[in-house]
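Observations on the three-dimensional arrangement
Listed here are the chains, written in short residue letters.
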Amino acid sequence: MKKIVITGAGTGLGKELALQYADNDVELHLVGRSLQTLEETAAEAEKSGAKVYVHAADITVVSEVKHIAAEIEEDGPVDILVNNAGIGMFGPFMESTADQMEAMFRTNSFGPIYLAKAFIPGFLQNNRGTIINIISTAGLRGKKNESLYVASKFALRGFTESLQQEYADTGLRIVAAYMGGMNTPFWDETDHIKDKSRLRTPKEVAEIIVKESAEKTEIVIESKNKSGSA
Ligand SMILES: NC(=O)c1ccc[n+]([C@@H]2O[C@H](COP(=O)([O-])OP(=O)(O)OC[C@H]3O[C@@H](n4cnc5c(N)ncnc54)[C@H](OP(=O)(O)O)[C@@H]3O)[C@@H](O)[C@H]2O)c1
């Protein structure tokens, strides 16, 4: 049975990834701060036959990441870790606050690093496994009014590309996924995107990621309209 960990699996892309992976031969571990949304995803994934566990944890807190990693690996190492949880705050650079900057770097850059550190020993023990880092086209190029979000995603890209080189001679695969805008709750607290219904659905992006991550180590899914956001 394949063991898959997905962060931010209660909503948006993380939820759709969980549903794409869900089948009889999969054990899913869903991570996020809100148990309620994780349980909603779990109920749907179980209908496809998956065995599902939910873990309430804040990925910006090292002790919480270590705790869930120990819990998840109790009966053996993980096959796939999807670092999907992320947040975005947008607007002119000079109107941004230190709190926003720290929250984005802690969630988008530090969180995936903490998770990688917690799970890589298990991957290496088996000399196999895959880490999929959900970045964004914001990790490929700068964007107006997205400076701090883009900076946090460039950090994640640099980390991902470096691990790809460091573990090139092992069975551990590191996949970088870069996607443009998706219609998810990510945009609920901002007017940076005027009409999110024009964006890709998280389902179509999840389908591409699950399919392509089996072969590729870099996946680029550009926005439909090339508006370039997020
Ligand atoms: N939507 C887009 O247009 C777009 C485009 C490119 C890339 N992305 C990236 O795609 C990923 C998924 O985003 P989405 O669009 O699906 O947004 P979303 O629906 O807001 O999902 C983000 C998830 O991350 C979880 N999360 C946030 N902070 C967390 C923390 N500290 N610890 C644990 N979980 C945390 C949230 O759950 P809790 O609040 O319950 O913790 C939420 O379920 C993000 O990395 C985002 O940067 C999004």
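Residues numbered from 1 in each chain as written. Predicted model: local features only at pLDDT ≥ 70, side-chain atom pairs only at ≥ 80, totals over all residues. Heavy atoms only, no water.

In the nomenclature of an unreviewed UniProt entry, the protein is known as Short-subunit dehydrogenase of Falsibacillus pallidus. For the record of the protein, the UniProt heading Sequence similarities (unreviewed entry) holds the text "Belongs to the short-chain dehydrogenases/reductases (SDR) family." (UniProt positions renumbered as here; feature names shortened; annotations may be inferred.)

Scanning the entire structure with this criterion turns up 6 aromatic pairs. A connected cluster of aromatic rings, assembled from ring pairs, spans F90, Y149, F186 and W187. Above the plane of the ring of F154 lies R157, whose end atom (NZ or CZ) is 5.9 Å from the centre. (Phe/Tyr/Trp six-rings, centres within 6.5 Å; stacked < 30°, edge-to-face > 60°. Lys NZ or Arg CZ within 6 Å of the ring centre and 35° of its normal.)

On to the packing of helix α1 (residues 12-21) against helix α2 (residues 35-47), then. The interhelical angle for the contact between α1 and α2, taken along N-to-C directions, is 20 degrees, at an axis separation of 9 Å. The orientation of α1 relative to α2 falls into the category roughly parallel. Our pair here, α1 against α2, has a crossing hand that is right-handed. Contacts between α1 and α2 involve K15, A18 and L19 from the first element and T41, E44 and A45 from the second. A class-by-class count of the residues in the contact of α1 with α2 yields 3 nonpolar, 1 polar and 2 charged. (Axes fitted to C-alpha atoms, helices over the stretch in contact; angles between N-to-C directions. Helix = DSSP H or I, 4+ residues; strand = E, 2+ residues; numbered from the N terminus. Parallel < 35°, antiparallel > 145°, perpendicular 65-115°, else oblique. Left-handed = near helix turned anticlockwise from the far one by under 90°. Contact = heavy atoms within 4.5 Å. Nonpolar A, V, L, I, M, F, W, Y, C, P; charged D, E, K, R; others polar.)

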